[in-house]
Amino acid sequence: MLNTKRWSVDLEKDLSTYYPQIKQAADLLQQNEVVAFPTETVYGLGANAKETEAVMKIYEAKGRPSDNPLIVHIAEVQQLHEFAQIESEKAKALMDAFWPGALTIVLPCKPGTLSKQVTAGLSTVGVRMPDHPIALELIRAAGLPIAAPSANRSGKPSPTQADHVASDLEGRIAGIVDGGSTGIGVESTVVSCVGETPVILRPGGITKEALEEVVGTVSVDPGLTKKDEAPVSPGMKYTHYAPEAKMYIFHGSDEDMQRHIQKYKAEGLKVGVLTTEEKKSLFAADVVYSCGWREKPETVAANLYRVLRQFDETDVDLIISEAFSEEGVGSAIMNRLQKAAGGRTLPSFQ
Ligand code: TXA
Ligand code: MG
């Protein structure tokens, strides 16, 4: 067991007040230890991307299979030249437009520069410059490219508060920088700029529409849309971001959603409902949680993971979630919900 240090940073105050604390966290990173820190999307679990010893500690703390590559975080574009090739004009345009921000760009990696464990053996690397003062200052102070996946135990919803990180990883990591709640609430958009046309590999904080305004046509990895259908065998492969109770996504009318709730209750099951401010009074279930306003999908993104974690503190046997529009940030919301539900859906009654 490690003694996990915790530093609290109040972003209302001048950040320079906290430079000594951030320096302590940066020193741990330089010593190849693992430190969690806030970004504008979710909390990240950072380690020196150049050292395998450091990167392995991320996989161990998370319990994550090491065939899933990690995103490398930088504070200045200059840092990129050390380990990535940036010949693509479209990649440069995306960096100019969206960095710092919730966009991860996959580029060819310069061999031998980063730990092989970061790229999971691929010849490419995903990079992003987070738009968060603590993250940027920490990376600058460490003077290193920082590999950082979301700071949750593998399979759990990503953390949007330092307490989420602590509840998953206390005793397993060297430190947590607490900067309060993260703003966007879902992870960055991952876009590959290895080929001529950029390809979205994971929908996220920055929408396809916004990317296309900068670089024209952007395609979407066909693997993503396939997962929109209920998989024939909803195996573990699709289950991420998952609460402990089985989750189902319901597409249909509010009346039919209530009929499903009644049906499960009649079987003696405790039913949780994941809904919105507009609809929360329509459902009579054992636990009803709202994650924001349907009409303001960015509020749903901001609260989604916190609410999924809240269900774990209840004794519901299953959770039924309403479905959302896939426009804009809605595509990231539905992608995460579908994974949390392991592809399980409930049909309308005819
Ligand atoms: O918002 C975020 O992106 C957060 C914060 C902490 O920055 N990080 C994050 O990391 O979500 P993680 O490890 O949970 O997700 C990284 C995603 C995975 O889906 C991984 O497969 C993909 O990015 N990825 C990373 N490097 C890649 C590469 N070279 N090629 C393709 N996909 C890559
Ligand atoms: Mg993650």
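Residues numbered from 1 in each chain as written. Chains lettered and ligands numbered in written order. Predicted model: local features only at pLDDT ≥ 70, side-chain atom pairs only at ≥ 80, totals over all residues. Heavy atoms only, no water.

Taken together, the neighbourhood of ligand 1 is formed by 24 residues, with Thr41, Asn68, His73, Ser188 and Arg202 sitting nearest. Measuring from a nitrogen atom of ligand 1, one finds a side-chain N or O atom of Thr124 at 3.1 Å. One of the side-chain nitrogen or oxygen atoms of Ser150 is found 3.1 Å away from an oxygen atom of ligand 1. Surface burial for ligand 1 is 88%, taken as the share of its 690 Å² of free accessible area covered by protein chains. Among the elements that make up the shell around ligand 1, the one with the highest residue count is strand S6 (residues 124-128) (4 residues). Partitioned by chemical class, the residues of the shell around ligand 1 number 12 nonpolar, 8 polar and 4 charged. (Near = heavy atom within 4 Å. Polar contact = N/O pair within 3.5 Å; in protein donor to acceptor, adjacent residues only side chain to side chain. Areas by Shrake-Rupley, 256 points an atom, 1.4 Å probe, with all protein chains shown as cover. Helix = DSSP H or I, 4+ residues; strand = E, 2+ residues; numbered from the N terminus. Nonpolar A, V, L, I, M, F, W, Y, C, P; charged D, E, K, R; others polar.)

Counting buried positions over the 5 residues of strand S15 (residues 318-322) gives 5, a clear majority of the element. Covered by surrounding structure in S15 are Leu318, Ile320 and Glu322 together with Ile319 and Ser321, the residues of both alternating faces. Pairing between strand S12 (residues 246-250) and S15: 5 bridges, direction parallel. Its bridge partner being in S15, Lys246 is matched across the sheet by Leu318. (Buried < 20%, exposed > 50% of the residue type's maximum accessible area, 1.4 Å probe, protein only. Pairing = 2+ DSSP bridges.)

Looking now at the UniProt feature "domain: YrdC-like" (unreviewed entry) in the protein chain. Feature annotation in UniProt assigns "domain: YrdC-like" (unreviewed entry) to the following positions: residues 19-206. Secondary structure within residues 19-206 divides into 29% helix and 19% strand; the distance between the first and last C-alpha atoms comes to 30 Å. (UniProt positions renumbered as here; feature names shortened; annotations may be inferred.)

Counted by the stated rule, this structure contains 3 aromatic pairs. The aromatic ring of Tyr248 is capped on one face by Arg344, whose charged end is 5.7 Å from the ring centroid. (Phe/Tyr/Trp six-rings, centres within 6.5 Å; stacked < 30°, edge-to-face > 60°. Lys NZ or Arg CZ within 6 Å of the ring centre and 35° of its normal.)

With that settled, consider the side chain of Ser290. Inspection of the secondary structure puts Ser290 in strand S14 (residues 287-290). Here the side chain of Ser290 touches Glu277 through a polar contact of 2.7 Å, side chain to side chain. At 3.3 Å, the side chain of Ser290 and the backbone nitrogen of Gly292 are in polar contact.

This next bit is on the sheet that holds S12. The strand order S14-S13-S15-S12-S16 describes an open sheet built from 5 strands, whose pairing is parallel. Strands at the two margins of the open sheet, each flanked by one partner only, are S14 and strand S16 (345-346). Summarising the sheet, strand S13 (residues 271-275) and S15 pair through 4 bridges and their orientation is parallel. Residue pairing for S15: Val271 is matched across the bridge by Leu318. Against the sheet, helix H9 (residues 254-266) engages S12, S13, S15 and S16, with an angle of about 175° to S15. In the packing of helix H10 (residues 297-311) onto the sheet, contacts are made with S12, S13, S14 and S15, and the angle to S13 comes to roughly 170°. (Contact = heavy atoms within 4.5 Å. Axes fitted to C-alpha atoms, helices over the stretch in contact; angles between N-to-C directions.)

Let us look at the environment of Leu211. Relative to the helices and strands, Leu211 resides in helix H7 (residues 208-215). Each C-alpha atom, one on Leu211 and one on Gln310, is 33 Å from the other, the two residues being 99 residues apart in sequence. For Leu211, the residues in contact, after removing those within four places along its chain, are Leu94, Phe98, Leu103, Thr189, Ile200, Ile206, Gly216 and Val218.

This part takes up the environment of Tyr19. You can see Tyr19 is positioned in helix H1 (residues 19-30). With relative accessibility at 38%, the residue Tyr19 sits in the partly exposed group. Counting along the chain gives 225 residues from Tyr19 to Glu244, while the straight-line C-alpha distance between them is 38 Å.

Counting 72 residues, the largest nonpolar core has Leu80, Ile105 and Leu107 as the members making the most contacts within it. Not counting chain neighbours up to four residues away, the residues in contact with Ile105 comprise Ala91, Leu94, Met95, Trp99, Val125, Gly126, Val127, Val191 and Cys193. If you look at the next biggest cluster of nonpolar residues, it comprises 27 residues, including Val42, Val186, Phe324 and Ala341. (Core = buried A, V, L, I, M, F, W, Y, C linked by side-chain atoms within 4.5 Å.)

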